[in-house]
Amino acid sequence: MTDLDEGRGARGRRTFLVVTGAAVVAAVVVAGALGLGGGGDGSPAAPPRTASTVSVTRATLTERTTVDGTLGYGPEIPLPVRATGTVTWLPEAGTSMERGDTLLRVDDRPTVLLYGALPMYRDLGPAPSGPCNPMAPGAQGGGGGGGGHK
C-alpha cells in the first residue's frame, strides 16, 4: 500500500462520518417536526383560524373616578433670603421653581435657587494670622514659609 492509498482511506472514512452525522441530524429534525417522541396529548396549542370579519369602531377610551380631598404641595417652607436691598422682581404666584431658577431680584440682581444647607457665599476678609492659619509665615503646617522645620 502506498502513501496515496492511505490518504484516500482516511478521506473516505472522514466522508463517511460526515454523511452519517448529517443523516442522523436530519432524522432528529424530521422526528421533531412530526411530533414523534413529544408525549403530547395531540390537541393543537391554538384554535384554528376562521375566515370572518369584524367591524371596527373608533372611539375614545376614558375612565373617570371622583375622590374627595385637597390637592397641595405639602407644608410651606420659609425661604431665607439674606440679600439686602429693594426687591425689584418676583415671579407670578403659584410658579414652580427648580434649581437654578431666579427666585427674586434684589436691586435688579438675581437671587438664584440652589439646594443645600451651605450658603453659596462666604464673608471675605483678610486671613486670620496665628497657629490656626497654615498659610501664615512661621506656621508649622507645611504650607507656610518655614518649610516645616523649627
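For clarity, every value in this text was computed on a predicted model and none was experimentally measured.

Peer 1: Honestly, the overall build of the protein chain in this entry has me stumped. Any pointers?
Peer 2: On a plain count of helices and strands, the protein chain comes out with 1 helix and 3 strands. Going residue by residue from the N terminus, the α and β elements of the protein chain occur as α-β-β-β. In the protein chain, which comprises 150 residues, the proportion classed as buried is 5%. The contacts in the protein chain between residues at least 6 apart in sequence include a share of 7% that link residues at least 24 apart. As displayed, the protein chain offers around 14,400 Å² of accessible surface, 58% of which is attributable to carbon and sulfur atoms.

Peer 1: Would you mind showing me how to read the pairing of strand 2 (residues 102-106) here?
Peer 2: Moving residue by residue along a regular strand, the side chains alternate between the two faces of the sheet. Two elements, strand 1 (residues 87-89) and strand 2, share 2 bridges in a ladder whose sense is antiparallel. Its bridge partner being in strand 2, Val 87 is matched across the sheet by Val 106. Both strand 2 and strand 3 (residues 109-112) contribute to a ladder of 4 bridges, which runs antiparallel. What sits directly across from Arg 105, in strand 3, is Pro 110. Two successive antiparallel strands, strand 2 and strand 3, enclose a turn made up of 2 residues, where Asp 107 displays a positive phi of approximately 50°.

Peer 1: I would appreciate a short explanation of the pattern of salt bridges in the present structure.
Peer 2: Side chains that differ in charge, positive against negative, can pair when their charged atoms come close. According to the stated counting rule, one finds 1 salt bridge in the structure shown. Notably, a salt bridge pairs Arg 105 with Asp 108, separated by 3.1 Å at the nearest N-O pair. Under the relative-accessibility criterion, Arg 105 is labelled partly exposed at 25%.

Peer 1: In this structure, what is going on with the sheet that holds strand 1? I would like to understand it.
Peer 2: Two orientations exist for strands paired in a sheet by backbone hydrogen bonds: parallel and antiparallel. Spatial ordering of the open sheet is given by 1-2-3, a layout of 3 strands whose pairing is antiparallel. Edge positions in the sheet fall to strand 1 and strand 3, since each has one partner strand and no second. Shown here is a sheet whose adjacent strand axes are inclined to one another by a mean of 45°, direction ignored.

Peer 1: How should I be thinking about unusual backbone geometry in this particular structure?
Peer 2: If a residue is not glycine, its phi is most likely negative; likewise, a peptide bond is most likely trans. If you check the backbone angles, Asp 107 has positive phi at about 50° while not being a glycine. When you line up the elements, Asp 107 lands in the loop between strand 2 and strand 3. Unlike most non-glycine residues, Asp 108 shows phi in positive territory, near 60°. Its location among the elements puts Asp 108 in the loop between strand 2 and strand 3.

Basis of the calculations
- Residues numbered from 1 in each chain as written.
- Predicted model: local features only at pLDDT ≥ 70, side-chain atom pairs only at ≥ 80, totals over all residues.
- Heavy atoms only, no water.
- Helix = DSSP H or I, 4+ residues; strand = E, 2+ residues; numbered from the N terminus.
- Buried < 20%, exposed > 50% of the residue type's maximum accessible area, 1.4 Å probe, protein only.
- Contact = heavy atoms within 4.5 Å.
- Areas by Shrake-Rupley, 256 points an atom, 1.4 Å probe, with all protein chains shown as cover.
- Pairing = 2+ DSSP bridges.
- Salt bridge = Lys/Arg side-chain N within 4 Å of Asp/Glu carboxyl O.
- Axes fitted to C-alpha atoms, helices over the stretch in contact; angles between N-to-C directions.

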